[in-house]
Amino acid sequence: MKLGIVGLPNVGKSTLFNSLTKAGAESANYPFCTIDPNVGVVAVPDARLKLLGDLYHSKKVTPAVIEFVDIAGLVKGASKGEGLGNQFLSNIREVDAIVHVVRCFDDPNVIHVDGSVDPLRDIETINLELIFSDIEILERRIAKTSKGAFNDKSLAKEVEILKAIKAHLEEGNLAKSFPCEDDDQRAFINSLNLLTWKPVIFAANVNEDHLEDDGASNPYVQKVREFAAANDSQVFVICAQIEEEISELDDDEKAMFLEDLGLKESGLEKLIAASYDLLGLLSFLTSGEDETRAWTIKKGTKAPQAAGKIHSDFERGFIRAEVVNYQDLLDCGAYSVAREKGLVRLEGKDYVVQDGDVILFRFNV
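Residues numbered from 1 in each chain as written. Predicted model: local features only at pLDDT ≥ 70, side-chain atom pairs only at ≥ 80, totals over all residues. Heavy atoms only, no water.

> So, the packing of aromatic side chains: which residues are in play, and what are the values?
Across all of its chains, the model carries five aromatic pairs by this definition. Between the NZ or CZ atom of R48 and the centre of the ring of Y326, over which it lies, the distance is 5.3 Å. Its guanidinium or amino end placed over the ring of W295, R293 lies 4.1 Å from that ring's centre, counting from NZ or CZ. (Phe/Tyr/Trp six-rings, centres within 6.5 Å; stacked < 30°, edge-to-face > 60°. Lys NZ or Arg CZ within 6 Å of the ring centre and 35° of its normal.)

Shown next, in the form of structure tokens:
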């Protein structure tokens, strides 16, 4: 999973990126990897892995990972070359979802680029830049496709759809609100990699005082929640400053710190939960003496395709899956005991994998 973090300057975006990547790397003992200065690979915190690893005495425990791309602070007019211009846009064309950090705190010491705190105005500024960028992409695609459309009905139909989406964007709408006629049209729009087609998670950045009640008493957060609800998006409340402090702590200190603040989970855990929910993802697990590992798949994925995540041969030669729920396995204390109790099931090609399934795939190539 790849998430692009966007936001206006001075909203806490880079602080959040730095703290999330550092905290995520340390908490799951996953080597922090900087692909370039603004990309970080972070382990997905999953308590099930350690428990299964201990049960099997696994030599290695490998979590699922998320790649975060920190996009340089946008300013109004970025799509026309202001600030860093279109440079940031190429970085998020390939992401699965956009994390939009919105400032929801007052602080006279932190200057707002527009002079005052107004989350809805900030969201609109970013959205307009993304819309302008998408229009530019569509104009190039229309010009290119139109050349062959005179003698090709399918290309002519493609141009028609491209122009309809462009008109939709020019009215200030996001691509994801475009009324698709069918699944084929939806798949075509998906292939365009439009920024405003991507799912969005709003990170409402608050000060520490509004963290314990999850922003319920913060009028800025309420506005963001209302906007998100109307635009089929997720919201999670975070304090980037607190996340920065948490990122410096080890696991035990982190747990105590969160407890003192009255919090059940860190910002990273909130973000991952929101991401999995928005993108319709889940994790299944494999475990043995060599390795215990989490694998991320889409909800609704059947057993052979899940096997293919591990290796294409597993999918090609799929015979069956031996499946046990991770909690049942832990409660039994051994795979053999779970099997004796009838908790290990043999599933075929039509089995839909569930979150927390521990699976042993049988295959023959």
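> Lay out the nonpolar core with the relevant residues and their values.
In this structure, F68, I92, C104 and L271 are the most contacted members of the largest nonpolar core, which totals 68 residues. Considering each element in turn, this core owes the most residues, six residues, to helix α10 (residues 267-279). Setting aside its immediate chain neighbours within four residues, F68 contacts L3, I5, F17, L20, T21, N38, V39, G40, V42, L268 and L271. By size, the runner-up hydrophobic cluster in this structure holds 19 residues, among which are I131, I161, L194 and W197. (Core = buried A, V, L, I, M, F, W, Y, C linked by side-chain atoms within 4.5 Å. Buried < 20%, exposed > 50% of the residue type's maximum accessible area, 1.4 Å probe, protein only. Helix = DSSP H or I, 4+ residues; strand = E, 2+ residues; numbered from the N terminus. Contact = heavy atoms within 4.5 Å.)

> Mind laying out the packing of helix α4 (residues 119-149) against helix α7 (residues 219-230), listing which residues take part and the relevant values?
Closest axis-to-axis distance for the α4/α7 pair is 9 Å, and the angle between their directions is 45 degrees. Taken as axis vectors, α4 and α7 run oblique relative to one another. In contact with P119, L120, I123 and N127 of α4, α7 contributes Y220, K223, V224 and F227. (Axes fitted to C-alpha atoms, helices over the stretch in contact; angles between N-to-C directions. Parallel < 35°, antiparallel > 145°, perpendicular 65-115°, else oblique.)

> Please set out the side chain of T196 residue by residue, giving values where relevant.
The topology assignment puts T196 in the loop between α6 (183-191) and β7 (200-205). When sequence neighbours within four positions are dropped, the list of residues in contact with T196 reads N127, L130, I131, D134, L169, L174, A175 and K176.

> Got a sec to walk through unusual backbone geometry? Specific residues and values, please.
Phi is positive for D214, close to 55 degrees, though the residue is something other than glycine. Mapping D214 onto the fold places it in the loop between β7 and α7. Note on D214: relative accessible area 33%, which makes it partly exposed. For D232, which is not glycine, the phi dihedral falls at a positive 55 degrees. Looking at D232, the relative accessible area reads 65%, which means it is exposed.

> Could you give an account of the side chain of N127, naming the residues involved and the relevant values?
On the secondary structure map, N127 appears in helix α4. N127 gets classed as buried once you look at its relative accessible area, which sits at 14%. Apart from residues lying up to four places away in sequence, N127 is in contact with L174, T196 and F227.

> Quick one: what's the story with the packing of α4 against helix α5 (residues 153-170), residue by residue and with numbers?
Relative orientation and spacing of two packed helices are given, respectively, by the angle between their axes and the distance between those axes. Close contact between α4 and α5 brings their axes to 9 Å; oriented N to C, the two are set at 160 degrees. On the basis of the axis angle, α4 is roughly antiparallel to α5. Every pair of crossing elements has a handedness; the one defined by α4 and α5 is left-handed. Across the interface between the two elements, I131, D134, I135, L138, E139, R141, I142, T145, S146, G148 and A149 of α4 pack against L155, A156, E158, V159, L162, K163, I165, K166, L169 and E170 of α5. When the residues that make up the contact of α4 with α5 are grouped by side-chain class, the tally is eleven nonpolar, three polar and seven charged. (Left-handed = near helix turned anticlockwise from the far one by under 90°. Nonpolar A, V, L, I, M, F, W, Y, C, P; charged D, E, K, R; others polar.)

> Could you give me a rundown of the pattern of salt bridges, with the residues and numbers involved?
Summed over the entire model, instances satisfying the criterion amount to 21 salt bridges. When the shortest N-O distance is used, the salt bridge between E67 and K2 registers 3.5 Å. Here E67, found in strand β5 (residues 65-70), pairs with K2, found in strand β1 (residues 2-6); they are 65 residues apart in sequence, far enough to count as distant. Note on K2: relative accessible area 23%, which makes it partly exposed. Of the charged contacts in the structure, one is a salt bridge between K59 and D290, with a shortest N-O distance of 3.4 Å. Of this pair, K59 sits in the loop between α2 (47-56) and β4 (60-62) while D290 sits in the loop between β9 (281-287) and β10 (291-298), placing them 231 residues apart in sequence. Here D290 falls in the exposed class, since its relative accessible area comes to 56%. Through salt bridges that share partners, D46, R48 and D355 make up one connected network. (Salt bridge = Lys/Arg side-chain N within 4 Å of Asp/Glu carboxyl O.)

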